[in-house]
Amino acid sequence: MIPIARPDLGPEELAAVTEVLASGMIAQGRKVAELEERWAEFVGVRHAIATANGTLALMGIFAGIGLEPGDEVITVSHTFAATANAILYTGATPVFIDIEPDTYLIDAKKIEAAITPRTRAICPVHLFGLVADMDMIRAIADRHGLIVVEDACQAHGATFRGRKAGSFGHGAFSLYATKNMTTAEGGFVTTNDDRLADWLRLYRNQGMRARYEFEMLGFNFRLTDLAAAIGLAQFEKLARNTARRQAIAATYDEAFGELPIGLPITPDGRTHVFHQYTIDVGGARDAIVADLREAGVGADIYYPIPVHRQEYIMERGLHADLPITDLAAARTLALPMFPGLTDAEQAQVVDAVKAAVGRHLGAGGGAGTASGARAGVATR
Ligand SMILES: Cc1ncc(COP(=O)(O)O)c(C=O)c1O
């Protein structure tokens, strides 16, 4: 089976880990500090604070901006549940709004209607490696005095008008095994806010500034030097691996150009880093996924049940009417996308997709897209 993702780990990571192991200094130390410096410079912000995973990065930001029960954060349901869970961690309420039918990202045009006197923040998710419309989101946030928290967990190095994901507000990144850059488990907060950065450095370290002097309530959100050493090796490869992802996407685009399916789009002024390559195949999605797996292609669905339809969310009374989100959950699938995908493997994926689409959608029958327009028209 060709997997949906495979981390690019080799002699560089092995050497980096071996060096840290041999040093005996394996917990948070110099490697973490070096990785933070490099990430802050790369994103173009004053501070990067490493955390043990991306969920903790989000939790740290939401706690650090002082969210409380009764506060609201506008976000999306078409995301990994950690986005909403991190808001709930503070006792605040996620308010879900719908996505754009062509990018699958937060529909910024719908934000203002969701703002109430309790709204504190907007949390766009740069899903699949594409940055949300940060011009509009920043303008709305500034107009209403709201904080912007970017869930950039899938968007390492993605840009919007030349600025990197994670530099438009407070950013959260994941370094999970399948992400564009990994430390096995890990994460970052990025911010230009000196106070928040200082607070987070304490919060992630039990609230300790000096040894055994606990200045505030804190916990253990730390990354290890072992993990950071892997991260430094991965960082060296990020530009090359991102270019490889973009080349794989271009090959998929070319191969699927004539098929009646929706392909990913990259609006002007943005660069897509293709954490996922997601296509819209309409109502035959589950049959097509089954065929692809039968053909040895590890297709997957991100995400089959939107967050607002998960039981624990509904139990909290968080109702939302999100037709585009529901369509995306029902009609889309992701194809293998990782830098080590060989040309032969990609050719196998392409053949399997063409066969499955031909079988289930026919030569002329369009799948339609989440926007209701014919696939391959709205999305090209
Ligand atoms: C959009 C999104 N948000 C949050 C997270 C949480 O990150 P982690 O798995 O590192 O906790 C992830 C990754 O899994 C993600 O994809």
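Above this text is the structure in question.
Keep in mind that what you see is a predicted model, and the values were worked out from it rather than measured.

Describing the site of the ligand
Working step 1: Within the structure, the ligand sits among 15 residues, and Gly 54, Thr 55, Asp 151, Ser 174 and Lys 179 are positioned closest to it.
Working step 2: Gln 154 is positioned such that a nitrogen or oxygen atom in its side chain is 2.8 Å from an oxygen atom of the ligand.
Working step 3: Take Ser 174: an N or O atom from its side chain is 2.7 Å from an oxygen atom of the ligand.
Working step 4: Put simply, the parts of the chain that give the shell around the ligand at least two residues each are helix 3 (54-64) and helix 4 (82-89).
Working step 5: Considering every element that reaches the shell around the ligand, the biggest residue donor is helix 3, with three residues.
Working step 6: Its residues placed into classes, the shell around the ligand shows five nonpolar, eight polar and two charged.

Thoughts on the packing of aromatic side chains
Working step 1: Evaluation of the coordinates by the stated rule reveals 16 aromatic pairs.
Working step 2: On the numbers, 5.3 Å between centres and 70° between planes, the contact of Tyr 203 with Phe 221 is edge-to-face. Residue Tyr 203 is found in helix 7 (residues 194-203), and its partner Phe 221 is found in the loop between strand 11 (213-214) and helix 8 (225-256); the two are separated by 18 residues along the sequence.
Working step 3: Overall, Tyr 203 belongs to the buried group, its relative accessible area being 6%.
Working step 4: Each member of the aromatic cluster is reached from another via a ring pair, and the members are Trp 39, Phe 42, Phe 173, Phe 188 and Phe 235.
Working step 5: Geometry around Phe 42 places Lys 164 over its ring, the cationic atom sitting 4.1 Å from the centre.

Section: the sheet that holds strand 1 (residues 47-51)
Working step 1: One open sheet accounts for seven strands, arranged 1-9-8-5-4-2-3; its pairing is mixed. Two strands lie at the open edges of the sheet, namely strand 1 and strand 3 (93-97), each paired on one side alone. Each adjacent strand pair in this sheet contributes to an overall mean axis angle of 25°, direction not counted.
Working step 2: Note that strand 8 (residues 170-174) and strand 9 (residues 187-191) share four bridges and pair antiparallel. Paired with Phe 173 across the strands is Phe 188, a residue of strand 9.
Working step 3: Packed onto the sheet, helix 2 (residues 30-43) meets strand 1, strand 8 and strand 9 and runs at close to 135° relative to strand 1.

A look at unusual backbone geometry
Working step 1: Here the residue pair Tyr 302 and Tyr 303 is connected by a cis peptide bond, since its omega of 5° sits within 30 degrees of zero.
Working step 2: Mapped onto the elements, Tyr 303 comes out in the loop between helix 9 (285-294) and helix 10 (311-314).
Working step 3: Despite not being glycine, Ala 184 shows a phi value in the positive range, around 80°.
Working step 4: Looking at the element boundaries, Ala 184 is found in the loop between strand 8 and strand 9.
Working step 5: Accessibility expressed as a relative area gives 45% for Ala 184, which makes it partly exposed.

Analysis parameters
Residues numbered from 1 in each chain as written. Predicted model: local features only at pLDDT ≥ 70, side-chain atom pairs only at ≥ 80, totals over all residues. Heavy atoms only, no water. Near = heavy atom within 4 Å. Polar contact = N/O pair within 3.5 Å; in protein donor to acceptor, adjacent residues only side chain to side chain. Helix = DSSP H or I, 4+ residues; strand = E, 2+ residues; numbered from the N terminus. Nonpolar A, V, L, I, M, F, W, Y, C, P; charged D, E, K, R; others polar. Phe/Tyr/Trp six-rings, centres within 6.5 Å; stacked < 30°, edge-to-face > 60°. Buried < 20%, exposed > 50% of the residue type's maximum accessible area, 1.4 Å probe, protein only. Lys NZ or Arg CZ within 6 Å of the ring centre and 35° of its normal. Pairing = 2+ DSSP bridges. Axes fitted to C-alpha atoms, helices over the stretch in contact; angles between N-to-C directions. Contact = heavy atoms within 4.5 Å.

Shape is all these values report; function is a separate question.
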